[in-house]
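# Fold and contact review
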Amino acid sequence: MNFVRVVWLVVRKDLLVELRSREILYTTVFFAVSCVLVFAFGFVREGQAMDDVGAGILWIAVAFSGTLALGRAFERERQSETLRALLLAPVDRPALYVAKLIGVLTLMTAVEIVVVPLVALLFQAPLFRHLPMLLGLLLAGTVGFTGVGTMFGAMLARARSRDVLLPVLLYPITIPVIIAGVRGTSALLQADPDPAIARAWLSLLLSFDVVFITLALWTFEPVMTD
Amino acid sequence: MQRLFLPLLILVAAMFAYAPLAIANAPFESTMLLVQKIFYFHVPSWFVMFSGAFLCAGASVVYLAKGSKNADHYAVTGAELAVVFGLMGLITGPLWARKAWGVWWEWDVKLTLALVVWLTFVAYLLLRRYGGPGSEKLAAGVGIFGAANIPFVYYSVNWWRTIHPKTTVVPTLGPGMRGTFWFCVLAFMLLMVLIIAARVRLERQRARVDELFLELED
Amino acid sequence: MRRVRSVWRVLLVWLLLAAGPVWHAAVDAQQPPPRPKPAEDEFVPIDQLPPGEQLPAAPLLIAAYAVAWLAVAGYLFSIWRRLDRVDRDIAEAGRRLPRT
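Residues numbered from 1 in each chain as written. Chains lettered and ligands numbered in written order. Predicted model: local features only at pLDDT ≥ 70, side-chain atom pairs only at ≥ 80, totals over all residues.

Glancing now at the overall build of chain B. A count of helices and strands for chain B gives six helices and zero strands. In sequence order, chain B lays out its α and β elements as α-α-α-α-α-α. In chain B, which comprises 218 residues, the share counted as buried stands at 44%. Across chain B, the fraction of contacts at a sequence separation of at least 24, relative to all contacts at a separation of at least 6, is 78%. (Helix = DSSP H or I, 4+ residues; strand = E, 2+ residues; numbered from the N terminus. Buried ≥ 20, exposed ≤ 12 C-beta atoms within 10 Å, placed from the backbone. Contact = placed C-beta atoms within 7 Å.)

On to the overall build of chain A. Regarding its fold elements, chain A presents nine helices and two strands. Its helices and strands taken in sequence order, chain A reads α-α-β-β-α-α-α-α-α-α-α from the N to the C terminus. What you see for chain A is a C-alpha radius of gyration of 18 Å, in line with the 17 Å of a compact globule of 226 residues. Its C-alpha atoms put chain A at 55 × 35 × 30 Å along the principal axes. Partitioning the intrachain contacts of chain A with sequence separation of at least 6 by distance along the chain shows that 84% fall at a separation of at least 24. (Rg over C-alpha atoms; globule rule 2.2 N^0.38 Å.)

So, about helix 7 (residues 162-173) of chain A. Counted at 1.5 Å a residue, the expected span for helix 7 of chain A with its 12 residues is 16 Å, and the 17 Å between its end C-alpha atoms agrees. Packing partners of the buried residues in helix 7 of chain A comprise helix 3 (53-79), helix 6 (131-156) and helix 8 (175-189) of chain A together with helix 4 (109-130) and helix 5 (135-160) of chain B. (Expected span 1.5 Å × (residues − 1).)

Leu205(A) and Ala82(B) are the most contacted members of the largest nonpolar core, which totals 152 residues. The dominant element in this core, judged by the number of residues it contributes, is helix 9 (residues 195-224) of chain A, at 19 residues. With residues up to four places along the chain from it excluded, the contact list for Leu205(A) reads Leu137(A), Ala140(A), Gly141(A), Gly144(A), Val177(A), Ala180(A) and Gly181(A). (Core = buried A, V, L, I, M, F, W, Y, C linked by C-beta atoms within 7 Å.)

Take Val6(A): it is sitting in helix 1 (residues 3-21). The class of Val6(A) is buried, set by 20 C-beta atoms lying within 10 Å.

Let's shift gears to the interface of chain B and chain C. Between chain B and chain C, the contact holds 37 residues from the first and 30 residues from the second. Those elements that place two or more of their residues in the side of chain B that touches chain C are helix 2 (39-66), helix 3 (69-100) and helix 6 (175-217) of chain B.

Taking 1.5 Å of rise per residue, the 22 residues of helix 4 of chain B would be expected to cover 32 Å, and the 31 Å separating its terminal C-alpha atoms lies within 8% of that figure. At the exit of helix 4 of chain B stands Gly132(B), carrying a positive phi of roughly 85°.

Residue and element names in this part refer to chain B. Direction vectors running N to C along helix 2 and helix 3 enclose 155°, while the axes themselves pass 7 Å from each other. If you check the angle between helix 2 and helix 3, you find them roughly antiparallel. Between helix 2 and helix 3 the crossing geometry is left-handed. Tallied by class, residues from the contact of helix 2 with helix 3 come to 19 nonpolar, nine polar and two charged. (Axes fitted to C-alpha atoms, helices over the stretch in contact; angles between N-to-C directions. Parallel < 35°, antiparallel > 145°, perpendicular 65-115°, else oblique. Left-handed = near helix turned anticlockwise from the far one by under 90°. Nonpolar A, V, L, I, M, F, W, Y, C, P; charged D, E, K, R; others polar.)

Detailed reading of predicted coordinates is not advised where the pLDDT is low. All names here are of chain B. Across chain B, the average pLDDT comes to 84, with 89% of residues at or above 70. Ranking the elements of chain B by mean pLDDT puts helix 1 (residues 2-25) last with 78 and helix 2 first with 92. Overall fold confidence (pTM) sits at 0.79, and the ipTM for the predicted complex is 0.83. (pLDDT = per-residue confidence, 0-100.)

Before going further, it helps to examine unusual backbone geometry. All names here are of chain A. A positive phi angle is found at Arg22, which is not glycine, with a value near 55°. Along the chain, the position of Arg22 falls in the loop between helix 1 and helix 2 (23-43). In this structure Arg22 comes out as exposed when scored by C-beta crowding, with 10 C-beta atoms within 10 Å. The phi torsion at Ser161 lies on the positive side, around 55°, for a residue other than glycine. Within the element layout of this structure, Ser161 appears in the loop between helix 6 and helix 7. For Ser161, a count of 16 C-beta atoms within 10 Å gives the class partly exposed.

Moving on, we get to the packing of helix 2 of chain A against helix 5 (residues 93-122) of chain A. Residues and elements named next belong to chain A. Where helix 2 meets helix 5, the axes come as close as 9 Å, and the angle between the chain directions of the two elements is 25°. Classified by the angle their axes make, helix 2 and helix 5 are roughly parallel. When the axes of helix 2 and helix 5 are compared, the crossing they make is right-handed. Contacts between helix 2 and helix 5 involve Ile24, Leu25, Thr28, Val29, Ala32, Val33, Val36 and Ala40 on the former and, on the latter, Leu107, Ala110, Val111, Val114, Val115, Leu118, Val119 and Leu122. Looking at the contact of helix 2 with helix 5 residue by residue, the class counts come to 15 nonpolar, one polar and no charged.

One can find Thr92(B) in helix 3. Thr92(B) sits 54 residues away from Ile38(B) along the chain, and the two C-alpha atoms are 7.1 Å apart. When near neighbours in sequence (up to four residues on either side) are disregarded, Thr92(B) contacts Ile38(B), Phe41(B), His42(B), Ser45(B), Ala64(C), Val67(C) and Ala68(C).

Laid out in structure tokens, this is it:
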């Protein structure tokens, strides 16, 4: 079965299952919103948000809800024991990785569609001034975070202590993504926005994406074999 | 390899016994005076940490590509070295920084990079310990990703800010200091070889015990 | 299957090479951010503080070396203890084995 067809079939399966119950979608979006609110209470002084918090809070909310979504996505596979079926199927393992990646990415896009306007609203952050660049940063950053996260989530699906180990493993590796995302978004939000700096951070994110997704595709098969 | 262990142990012990003398006799650095002498152990411990990190990553690649158990032993050794010597660096650094810069910590490239790499290998060890059976392969993936991450963390934090002395400090050391510095580096490197030998032997013996107990059950 | 694999390898190598030009573009396009203060280019001698605010260096130095020695000794000791335990386990297993 060819690669693209496998990816499409698995993605379709995941989306159909999710659309029926919408469990992961609603809970993750709600979690992201609560995250933003909690940070709002943490960082707002005398009714005014501190400067520059918008970018940081946006990316932290993405990181935390991303971790949650990754954990839940693989938990569902594990519970219905479809993970073993997937691994036994005579398909290219990397295709499973790409399919899972696309699935979680779709979910994260839905989350960001809610969170970005919310952050813009609550922190008076002019997020829509340079929309294409912001969207580019968000996409590249989410792909990077989800790329590494899907790899680790799949690795840990059959391990013990997987709930706490996923963030423990994921956060150190995705620190460059967070730094680049926050600094790039900050550059767009500041009083005189600097798209050149944002573009530089975007290149860093794109390099990160290319390198780590390639690495994941190479190591997915040997790591997932017993 | 076994026969070299004892002579190496004696050599390393002697070097470490001499090191405090060498350090005490090294000339004072002009601005930082006494506290700069932390440098003679601080920098070599970072050398060992990064060597351990690259050993872990390299061995992990071999382990995933060839399935060699021996490579896995080297991988876990590298990770432990990285964590122990990284911790040493992370404690001696702030002790020096408090006097030299006035603060315990700064979000500068070298410090942040070292912290992130250290955290990655702590995560590696946690995974091996608590991940249940089969976590060696997963940990190998983490080791490889961790090493690949190093240039990205370096560049991203570098564009962000930097205050640490530039890398070029080493060539500008005065003659008395240079000798002592490289002596300490050599001592740490030999210590690292010693630890690798001992630790890999430990892993091999553990694997043998598992095999023996499995045989017993048959 | 083999043909898919070799196509894979080509594609992955290409992707990895693509990272190079993207990287160069980033490094060239980005001027280094302006240095915040001249003092951050070199050590600022903190001895120029009034004597009352200076920190004694000796305790820090001693603490640093104590930590280093303890870490090395502690680690070597932990390896030694684990080796001991494993050797005992092997001896025990060896004792029980010839019985079968």
